[in-house]
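Next come the chains, spelled out residue by residue.
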Amino acid sequence: MLRINRTIYDRIVAHARRDHPDEACGVVAGPEGSDRPERFIEMANAERSPTFYRFDSKEQLKVWREMDDRDEEPVVIYHSHTATEAYPSRTDISYASEPNAHYVLVSTRDPETEEFRSYRIVDQEVTEEPVEVVEAEPAP
Amino acid sequence: MATEVRIPTILRNLTGDAKAVEGEGSSLGELITDLDKRHPGLQERLVEDGKLRRFINVYLNDEDVRFLGGMDAPVADGDTVTILPAVAGGMR
């Protein structure tokens, strides 16, 4: 199961909507082994394409080094599909290489409906998992 | 002549869970051949038909080796090589 707080969930959806009709992508980092997505990092889609995304390789190096320095790992790796459902494509599966990550897919095909789904992709095998959105604590 | 090579999570099963290993060679190709002797199987995960696999990013210090000559990129003592899985995908 993916537990994610409302603020980060909303930022992922907002990024996907903003970059539509191109695919949007990014990472949410968290302490190694914690499974807690805490630090939202929007990435550039080097392909700037409605059908493909790729992290810019230099930006990825910088972000991965930062995570390393902070003892973090990519807890969530997200991207959007702009015309199809929020389900991993064959290409998504063949590239999936972080066995500990939750792969989040957001579809922006319908401007009214939110489609936010999460998967584990290990050894080319896809398993969908429930998403629990944790609402922010009200201020005391 | 040793070059530090940083290994991503997905390949650490080949390095006994080590995050970084050392290898020798004057080009990236030679370095990878040497690494494969120490950690068998690594070369196959990185290279296909003599070229870097497209799923893999390799950096020499701060630069993507695709811009430095790929497998021919010169490697010197004290350099750091970082391997990361490319993050990519798409609708199709």
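Residues numbered from 1 in each chain as written. Chains lettered and ligands numbered in written order. Predicted model: local features only at pLDDT ≥ 70, side-chain atom pairs only at ≥ 80, totals over all residues. Heavy atoms only, no water.

Chemist: So what exactly am I meant to see when it comes to the overall build of chain A here?
Modeler: Counting secondary structure elements, chain A contains three helices and nine strands. By the compact-globule yardstick of 14 Å for 140 residues, chain A fits well, its C-alpha radius of gyration being 14 Å. By principal-axis analysis of the C-alpha atoms, chain A measures approximately 40 × 35 × 25 Å. Going through the 140 residues of chain A one by one, you find that 48% of them count as buried. Restricting the contact set of chain A to residue pairs at least 6 apart, pairs at least 24 apart contribute 62%. Carbon and sulfur atoms make up 46% of the accessible area of chain A, which totals about 6900 Å². Side-chain charges of chain A comprise 17 positive and 31 negative groups, with the mean position of each set lying 4 Å from the other. (Helix = DSSP H or I, 4+ residues; strand = E, 2+ residues; numbered from the N terminus. Rg over C-alpha atoms; globule rule 2.2 N^0.38 Å. Buried < 20%, exposed > 50% of the residue type's maximum accessible area, 1.4 Å probe, protein only. Contact = heavy atoms within 4.5 Å. Areas by Shrake-Rupley, 256 points an atom, 1.4 Å probe, with all protein chains shown as cover. Lys, Arg positive; Asp, Glu negative; His and termini not counted. Charge placed at Lys NZ, Arg CZ, Asp CG, Glu CD.)

Chemist: Looking at this structure, how should I read the sheet that holds strand 8 (residues 125-129) of chain A?
Modeler: Strand pairing in a sheet takes place through backbone hydrogen bonds and is either antiparallel or parallel in direction. Residue and element names in this part refer to chain A. In spatial order, the strands read 3-2-5-6-7-8; together these six strands make up an open sheet with mixed pairing. Each of the sheet's edge strands pairs with one partner strand only, and the pair in question is strand 3 (39-43) and strand 8. In this sheet, adjacent strand axes meet at a mean angle of 30° when their direction is disregarded. Strand direction decides the pairing type here: strand 2 (residues 25-31) and strand 3, joined by five bridges, are antiparallel. Note on strand 3: the bridge partner recorded for Val27 is Ile41. Relative to strand 3, helix 1 (residues 6-19) is tilted by about 10°, and along the sheet it contacts strand 2, strand 3, strand 5 (72-81), strand 6 (102-107) and strand 7 (115-122). (Pairing = 2+ DSSP bridges. Axes fitted to C-alpha atoms, helices over the stretch in contact; angles between N-to-C directions.)

Chemist: Could you clarify how one ought to interpret the packing of aromatic side chains in this entry?
Modeler: Ring pairs (aromatic) are described by centroid distance and by the angle formed between their planes. If you walk through the whole model with that rule in mind, you get six aromatic pairs over all chains. Aromatic pair A:Phe40 and A:Tyr78: ring centres 5.9 Å apart, planes at 10°, arrangement stacked. Linking A:Phe40 in strand 3 with A:Tyr78 in strand 5, this pair joins segments that are 38 residues apart in sequence. Each member of the pair, A:Phe40 together with A:Tyr78, is buried. Plain terms: the ring middles of A:Tyr95 and B:Phe55 are 4.7 Å apart, the flat faces sit at 65° to each other, and that makes the pair edge-to-face. You can see A:Tyr95 sitting in helix 3 (residues 90-95) and its partner B:Phe55 sitting in the loop between strand 4 (51-52) and strand 5 (56-60), one on each of two chains. Overall, the relative accessible area of 4% leaves A:Tyr95 in the buried class. Three or more aromatic residues link up through ring pairs in this structure, and these residues are A:Tyr53, A:Phe55 and A:Trp64. (Phe/Tyr/Trp six-rings, centres within 6.5 Å; stacked < 30°, edge-to-face > 60°.)

Chemist: Would you mind going over the interface of chain B and chain A with me for this structure?
Modeler: Think of interface size as the accessible area that goes away when the parts come together; that is how it is often given. The interface of chain B with chain A comprises 22 residues on the first partner and 30 residues on the second. Interface area for chain B against chain A, summed over the two sides, is near 2400 Å², with a carbon-plus-sulfur share of 52%. Taken as a group, B:Val87, B:Ala88 and B:Met91 account for 28% of the area that chain B buries against chain A, more than any other trio of residues on that side. At the surface where chain B touches chain A, the tally comes to four salt bridges. Linking B:Asp62 and A:Arg65 is a salt bridge whose minimum nitrogen-to-oxygen distance equals 2.6 Å. Scanning the region where chain B abuts chain A turns up 13 residue pairs in polar contact (both at pLDDT 80 or more). Across the side of chain B that touches chain A, the residue classes break down as nine nonpolar, six polar and seven charged. One ladder, built from three bridges, connects strand 4 (residues 52-54) of chain A with strand 8 (residues 88-90) of chain B; its direction is antiparallel. Bridging from a neighbouring strand, A:Phe52 pairs with B:Gly90 of strand 8 of chain B. (Buried area = accessible area lost by both parts, 1.4 Å probe. Salt bridge = Lys/Arg side-chain N within 4 Å of Asp/Glu carboxyl O. Polar contact = N/O pair within 3.5 Å; in protein donor to acceptor, adjacent residues only side chain to side chain. Nonpolar A, V, L, I, M, F, W, Y, C, P; charged D, E, K, R; others polar.)

Chemist: How should I be thinking about the pattern of salt bridges in this particular structure?
Modeler: When charged atoms on two side chains of opposite charge get close, those side chains can pair. Residue and element names in this part refer to chain A. As enumerated under the stated definition, the model contains 24 salt bridges over all chains in all. Residue Arg18 is joined to Glu42 by a salt bridge in which the shortest nitrogen-to-oxygen separation is 3.1 Å. Of this pair, Arg18 sits in helix 1 while Glu42 sits in strand 3, placing them 24 residues apart in sequence. Judged by its relative accessible area of 33%, Glu42 falls in the partly exposed class.

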